[in-house]
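# What the coordinates show
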Number of protein chains: 2
Amino acid sequence: MATHNGGLSDRKKLILKAIVEAHIQGGEPVGSKYLTESQQLTCSSATIRNEMAELESMGFLEQPHTSAGRVPSKQGYRFYVDALLEEYAMTAKEIAQINQLMKVKMSELDRILDSASKVASSLTNYTGFAIKPRSRSITVNRFETAFIDNHSFILILVASDGTVKTRNIIVDAEITPRTVTTVSDVLNELVIELDADEINLPIIMELESRVGDAALVNAVMKSIYEVLGELDGGELKVSGLDRLLQYPEFADSEDLGQLLGAFERKEDILDLVSDTEGDGVHAVIGSESSVKVINNSTLVFKPIKSKGKTVGAIGVIGPLRMDYARVLATLENLGGNITQLLNEPKHKEKGDSHDG
Amino acid sequence: MATHNGGLSDRKKLILKAIVEAHIQGGEPVGSKYLTESQQLTCSSATIRNEMAELESMGFLEQPHTSAGRVPSKQGYRFYVDALLEEYAMTAKEIAQINQLMKVKMSELDRILDSASKVASSLTNYTGFAIKPRSRSITVNRFETAFIDNHSFILILVASDGTVKTRNIIVDAEITPRTVTTVSDVLNELVIELDADEINLPIIMELESRVGDAALVNAVMKSIYEVLGELDGGELKVSGLDRLLQYPEFADSEDLGQLLGAFERKEDILDLVSDTEGDGVHAVIGSESSVKVINNSTLVFKPIKSKGKTVGAIGVIGPLRMDYARVLATLENLGGNITQLLNEPKHKEKGDSHDG
DNA sequence: TTTTAGCACTCTCGGATTTAAAGTGCTAAA
DNA sequence: TTTAGCACTTTAAATCCGAGAGTGCTAAAA
């Protein structure tokens, strides 16, 4: 009865919420007696026991063994998080804290993300991360060069998403400022807006004949491939790794090893975040997704938008019994601040029809 | 008697060596009986017991408790490593492996270091790291700019040690290619070879009046400070973090947390490596140095030289009972390869008296 | 004088046993 | 429908015990 939302009576919800929160705080299974004593529950322990038995049979709770208290199941956490998503809020103090931390003005996404992972970690006390997701079909829109000395110059690549990458190129042969100007001119003519696999031998031959130095073209092409790879390869910054250790869940087990490995390989986490749609905060609890790595962990993240497109994400990773309320609120605000920072009207679009 | 070297008789050295190696392999205390059975020791267990008792009173061995075997003390490891340093060698197979892994041609120190830490980790099976040490008194020798669009350009800084850094600068006001040329010209005239604290208000005022855009100068100066900070701030790349977990020494304890923290803070490890002199492989065992972080760990690294100057280091970190022979040999070779790579004659010096 | 064999002693580790605590499910009463 | 009470289960901690390993010491052998 009274099951208009999620199939649970109000009292069941209340009990589930109380159990999740108690377990988040203490890390131990929580029993009926504890709930009657310390909480806003007005019924007796026996009643709660009955309700808990039902919640368990519905899959929201688990019992490590007979006569331990109950622990939320992954489904239980999920329900809690979903319910929470509608109502979380931050204290004014915490918002002020975020604002202050973000005052460190940052101008480039790469460095924003780096700081953001640190901030996320320090605010939530979990391991923080920031990500620039893979995105196929990014190409180079424009090439620039800058002469450095007789044997080296800088190649600047402006990508279709606005990011700018540079490469330091060193060559055997003597070069002149004229040489590098030629390089950028030729590149701008031949290699614009091509995918990595569209750059074929004829194009390279043409480049060589026009620049007149095969080794140089070689070095340049290698850099271009590298940059193209980086552009859609995604980046992952992690900070506060040591915070994982404060939770007994990770004290010993191999889960910690899996997480560390995942942070180094990056692919799993990049995939997970890249495949996600939507603006709000996402929570991946246990192995909900196909990524087995985060088996007994929770990954919470919020996408970051710039000009309507997802350009990154920030999040935290921690044990199943994560302080969801706090994390959700923090990420929501932090993500909002970063999005705002990115969209400040200092950097106008290049003007597609306004410039020609 | 017969204590010409290190104050130990030859037999004591042999026993110490056998104990260290047995303990490295097995991870357990080693007793006198084990040594007589499996090793090249020709005397009886009783004799070994006597020698071990002496080695212990001299500080080279420790006993976890009465009637466990002996474990090398930090001093014991140190002696072993010092003795080893004179004679280690690699198998041809391992050298071939290094050479192949380094075939991935790399052109810049930053990226060399990144790969190097991975290679070091995968060859030794310990956590690898690569470092670019702090070095005071690096200044910017030359500025270049490249126009990107009406609101952004690239600032290129060529440092006195030859490294090149770039910064993407975004400004509110409209700019032209002429503007950015002015910027580099003025910078090249006023801000060359200055330390961060030598850039004072008069210079900035002069810049503003010449460039004519205070906000732009502001952004530029901020980037310059950042780059100067990075140049002498050092960098630390770590890879194979998860390998730490395979050693029971780090399975549970807080040592792991300290290490993870140290890798994130970077300062401790940077200081440690930056303060070291000499070409060869260095081993820091336990808390030999003032860095308390690596209390129950060993850090082994080899400096990397370019044109006679130390420009970085590669190393590994692991438990006290590290396979020193293997690690020392690997790092020696790997470091040598990188040094060679850096000094390949493709990149000649800018020619101090040869060019003018 | 140095090495070895033998033996008593100490200590830890693993397993088995016990005890205390916690929590449940169920029944019967309110 | 809720509550009180109670018997039952199960775990975690404490205790005990014996086996095993290794030592130090003493006395004999080289």
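Refer to the structure above for everything that follows.
Here's what I pulled together on the structure shown here.

Rules used in this analysis
- Counting restarts for each chain: residues are numbered from 1 in the order of the written sequence.
- Written order determines the labels here, with chains lettered from A and ligands numbered from 1.
- In keeping with the predicted nature of the model, local features appear solely for residues at pLDDT of at least 70, side-chain atom pairs appear and are counted solely at 80 or more, and the whole-chain, interface and lining totals rest on all residues.
- Just so you know, side-chain values use all the structure's heavy atoms and leave hydrogens and water out.
- Only a single heavy atom is needed: when it lies within 4 Å of a molecule or strand, its residue is near that molecule or strand.
- The definition of a polar contact used here is a pair of N or O atoms within 3.5 Å, where within protein one atom must be able to donate a hydrogen and the other to accept one, and adjacent residues in sequence count solely through side-chain atom pairs.
- Elements are defined by DSSP. Helices are runs of H or I of four residues or more, strands are runs of E of two residues or more, and each kind is numbered from the N terminus.
- Each residue is assigned to one of three groups, with Ala, Val, Leu, Ile, Met, Phe, Trp, Tyr, Cys and Pro labelled nonpolar, Asp, Glu, Lys and Arg labelled charged, and all others, Gly among them, labelled polar.
- Grid points spaced at 1 Å and placed over the protein atoms alone form the basis of the search, with a cavity being a set where a 1.4 Å probe fits but cannot get out and a pocket an open set showing protein on both sides within 12 Å along at least five of seven lines. Lining residues have an atom within 4 Å of a point.
- Grid points are joined across faces, edges and corners, and a volume is the space filled by probe spheres set on the points.
- Note on exposure labels: buried denotes an accessible area under 20% of the residue type's maximum, exposed denotes more than 50%, and partly exposed covers the range between, all computed with a 1.4 Å probe on protein chains only.
- A pair of strands counts as paired when DSSP detects no fewer than two bridges linking them.
- Fitting a line to C-alpha atoms yields each axis, with helices limited to the stretch in contact; the angle taken between N-to-C directions then spans 0 to 180 degrees.
- Working rule for contacts: check all heavy atoms of both residues, and any pair within 4.5 Å makes them a contact.

### Considerations on the protein's contact with DNA strand D
In the region of DNA strand D, 19 residues are neighbours, and Ser44(A), Thr47(A), Ser32(B), Met52(B) and Arg70(B) sit closest. For DNA strand D, the backbone makes up 76% of the atoms found within 4 Å of the protein, where backbone means sugar plus phosphate. For DNA strand D, a phosphate oxygen lies 2.7 Å from a polar atom in the side chain of Ser32(B). At four residues, helix α3 (residues 45–58) of chain A tops the list of elements feeding residues into the surface near DNA strand D. Its residues assigned to classes, the surface near DNA strand D shows four nonpolar, eleven polar and four charged.

### Focus: empty space enclosed by the protein
All names here are of chain A. As enumerated under the stated definition, the model contains four cavities of 30 Å³ or more in all. Each pocket or cavity is described by its volume, and for the largest cavity that value is around 50 Å³. Around the largest cavity, the lining residues are Val183, Leu187, Leu207, Val211, Leu216, Val217, Val220 and Met221. Those elements that place two or more of their residues in the lining of the largest cavity are α7 (177–190), α8 (201–211) and α9 (214–233). With four residues, the single largest contributor to the lining of the largest cavity is α9. Taken together, the residues of the lining of the largest cavity break down into eight nonpolar, no polar and no charged.

### As for the protein's contact with DNA strand C
Every one of the 19 residues lining DNA strand C counts as a neighbour, but Ser32(A), Met52(A), Arg70(A), Ser44(B) and Thr47(B) are closest to it. Each atom of DNA strand C within 4 Å of the protein was classed as base or backbone; sugar and phosphate made up 73%. Backbone polar atom of Ser44(B) to a phosphate oxygen of DNA strand C: 3.0 Å apart, as the coordinates give it. In the environment of DNA strand C, a phosphate oxygen lies 2.4 Å from a nitrogen or oxygen atom belonging to the side chain of Thr47(B).

### A look at the pairing of strand β3 (residues 127–132) of chain A
Residue and element names in this part refer to chain A. With six of six residues buried, β3 is to be regarded as a mostly interior element. Side-chain alternation along β3 places Thr127, Phe129 and Ile131 on one buried face and Gly128, Ala130 and Lys132 on a second face that is also buried. Here β3 pairs with strand β10 (residues 309–319) via five bridges, running antiparallel. Bridging across to β10, Gly128 finds its partner in Val316. Taken together, the five bridges between β3 and strand β7 (residues 235–239) define a ladder with antiparallel strand orientation. Across the sheet, residue Ala130 finds its bridge partner in β7, namely Lys237.

### Overview of the sheet that holds strand β4 (residues 140–149) of chain A
Residues and elements named next belong to chain A. What the three strands build is an open sheet, ordered β4-β5-β6; its pairing is antiparallel. This sheet does not close on itself; its edge strands, each paired only once, are β4 and β6 (164–170). In this sheet, adjacent strand axes meet at a mean angle of 20 degrees when their direction is disregarded. The pairing of strand β5 (residues 152–159) with β6 spans seven bridges and is antiparallel. Across the sheet, the residue bridging to Phe153 is Ile169, located in β6. Strand contacts of α7: β4 and β5, with the helix running at about 175 degrees to β4, the strand carrying the most contacts.

Nothing here speaks to function; it is geometry throughout.
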